[in-house]
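Single-letter residue listing:
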Amino acid sequence: MRSQQKSDAELITIYGKMIALIILLFVLSYLGFHYFGSIKQVGQPSIRVEHTRLLNVLGVVRSQWLMRSKPETLVLDWYSDNPEHASSSGQVRMAVGGWPIPDETSVAGCRRLLTELLGLSYVQQIETQFNSDTGVCRYIGDSGESISYQTSSGRVIFLTEAR
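Reading the values: rules and limits
- Residues numbered from 1 in each chain as written.
- Predicted model: local features only at pLDDT ≥ 70, side-chain atom pairs only at ≥ 80, totals over all residues.
- Heavy atoms only, no water.
- pLDDT = per-residue confidence, 0-100.
- Helix = DSSP H or I, 4+ residues; strand = E, 2+ residues; numbered from the N terminus.
- Core = buried A, V, L, I, M, F, W, Y, C linked by side-chain atoms within 4.5 Å.
- Buried < 20%, exposed > 50% of the residue type's maximum accessible area, 1.4 Å probe, protein only.
- Contact = heavy atoms within 4.5 Å.
- Disulfide = S-S within 2.5 Å.
- Pairing = 2+ DSSP bridges.
- Axes fitted to C-alpha atoms, helices over the stretch in contact; angles between N-to-C directions.
- Expected span 1.5 Å × (residues − 1).
- Arc of directions from axis to C-beta.
- Patch = residues over 30% accessible without salt bridge, like charges linked within 9 Å, V, L, I, M, F, W, Y side chains within 5 Å.
- Areas by Shrake-Rupley, 256 points an atom, 1.4 Å probe, with all protein chains shown as cover.
- Salt bridge = Lys/Arg side-chain N within 4 Å of Asp/Glu carboxyl O.

### Topic: the confidence of the model for the chain
When pLDDT is averaged along the chain, the result is 83, and 82% of the positions lie at 70 or above. Element-level mean pLDDT values for the chain span from 68 in helix α4 (residues 120–123) up to 94 in strand β3 (residues 100–101).

### Description of the nonpolar core
For soluble globular proteins, the rule of thumb is that nonpolar side chains tend to be buried together. Among the nonpolar cores identified, the biggest contains 22 residues, and Leu54, Val61, Leu74, Leu117, Tyr139 and Tyr149 are the most heavily contacted of them. Elements with a minimum of two residues in this core: α2 (47–67), β1 (73–77), β2 (89–94), α3 (107–118), β5 (136–140) and β6 (146–150). Here this core gets six residues from one element, more than from any other, and that element is α2. In contact with Tyr149, other than residues within four places in its own chain, are Leu58, Trp99, Pro100, Leu113, Gly135, Val136, Cys137, Tyr139, Gly154, Arg155 and Val156.

### What to know about the state of the cysteines
Summed over the entire model, instances satisfying the criterion amount to one disulfide. Residue Cys110 pairs covalently with Cys137 via a disulfide, S to S 1.9 Å. Negative torsions about the S-S bond denote left-handed disulfides, and the value of about -65° found for Cys110 with Cys137 makes this one left-handed. Here Cys137 lies in strand β5 and Cys110 lies in helix α3, a separation of 27 residues in the sequence. An identical accessibility class is assigned to Cys110 and Cys137; each is buried.

### Points about the sheet that holds β6
Taken in spatial order, the four strands of this open sheet run β4-β5-β6-β7, and their pairing is antiparallel. Of all the strands in the sheet, just β4 (127–131) and β7 (156–159) have a single pairing partner and so form its edges. Between one strand axis and the next, the sheet turns by 20° as a mean value, whatever way the strands run. Where β5 and β6 come together, five bridges link them in antiparallel fashion. Each bridged residue has a counterpart across the sheet, and for Arg138 the counterpart in β6 is Ser148. Lying on the sheet, α2 is in contact with β5, β6 and β7; it crosses β7 at an angle near 170°. Against the sheet, α3 contacts β4, β5 and β6, and its axis sits at roughly 125° relative to β4.

### Points about unusual backbone geometry
With glycine set apart, most residues show a phi of negative sign, and most peptide bonds adopt trans. Even without glycine at this site, Ser69 takes up a positive phi of about 65°. Relative to the assigned elements, Ser69 resides in the loop between α2 and β1. For Ser69, a relative accessible area of 63% corresponds to the exposed category. A positive phi angle is found at Lys70, which is not glycine, with a value near 55°. Residue classification places Lys70 among the exposed residues on the basis of a relative accessible area of 52%.

### As for α2
The end-to-end C-alpha distance of α2, which contains 21 residues, comes to 30 Å, matching closely the 30 Å that a straight helix rising 1.5 Å per residue would cover. Listed as buried for α2 are Ile47, Glu50, His51, Leu54, Val57, Leu58, Val61, Gln64 and Trp65. Around the axis of α2, the buried residues are gathered within 145° of arc, so they sit on the same side. For α2, exposure combined with an orientation more than 90 degrees from the buried face picks out Val49, Asn56 and Met67. After α2 finishes, the residue Ser69 shows a positive phi value of roughly 65°.

### Focus on a nonpolar patch on the surface
The grouping of Ile19, Leu21, Ile23, Leu24, Leu25, Val27, Leu28, Tyr30 and Leu31 at the surface amounts to a nonpolar patch, some 900 Å² of accessible area in total. Summarising the element assignment, Leu25 is placed in helix α1 (residues 2–43).

The following block contains the structure:
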């Protein structure tokens, strides 16, 4: 009888170790899938970062527009009030409400507007669309995410990829 109890105890110990190993494998696989999924997102240039950057730039543009007594065309001086010493300057048309608008209502106008606001390096990597019915410039990244900029209100909307 003792040998039967001893073998039962060994069997219960083995089952306990197997269950612990299975739980550990589940936890590691869960963490692994989430870890490698986030690496994929980090590796792709995300338009989400540019969305935040665009919102910050629009705030700065509006501040410059208010400081300069609400001109129709605003000279963007990113690092200095003196255009001679500015490291990057451009011009954008401004709406009466204080948001930048494209110089022409077309894809080219939307692309130039984004180039003036965010710079040329990132703009080359995205697709630009313009809806003439709604007056919306749409900037689409490689991952399918997009930024919509409403030229009639200055509203910026970030849209994730539909899956």
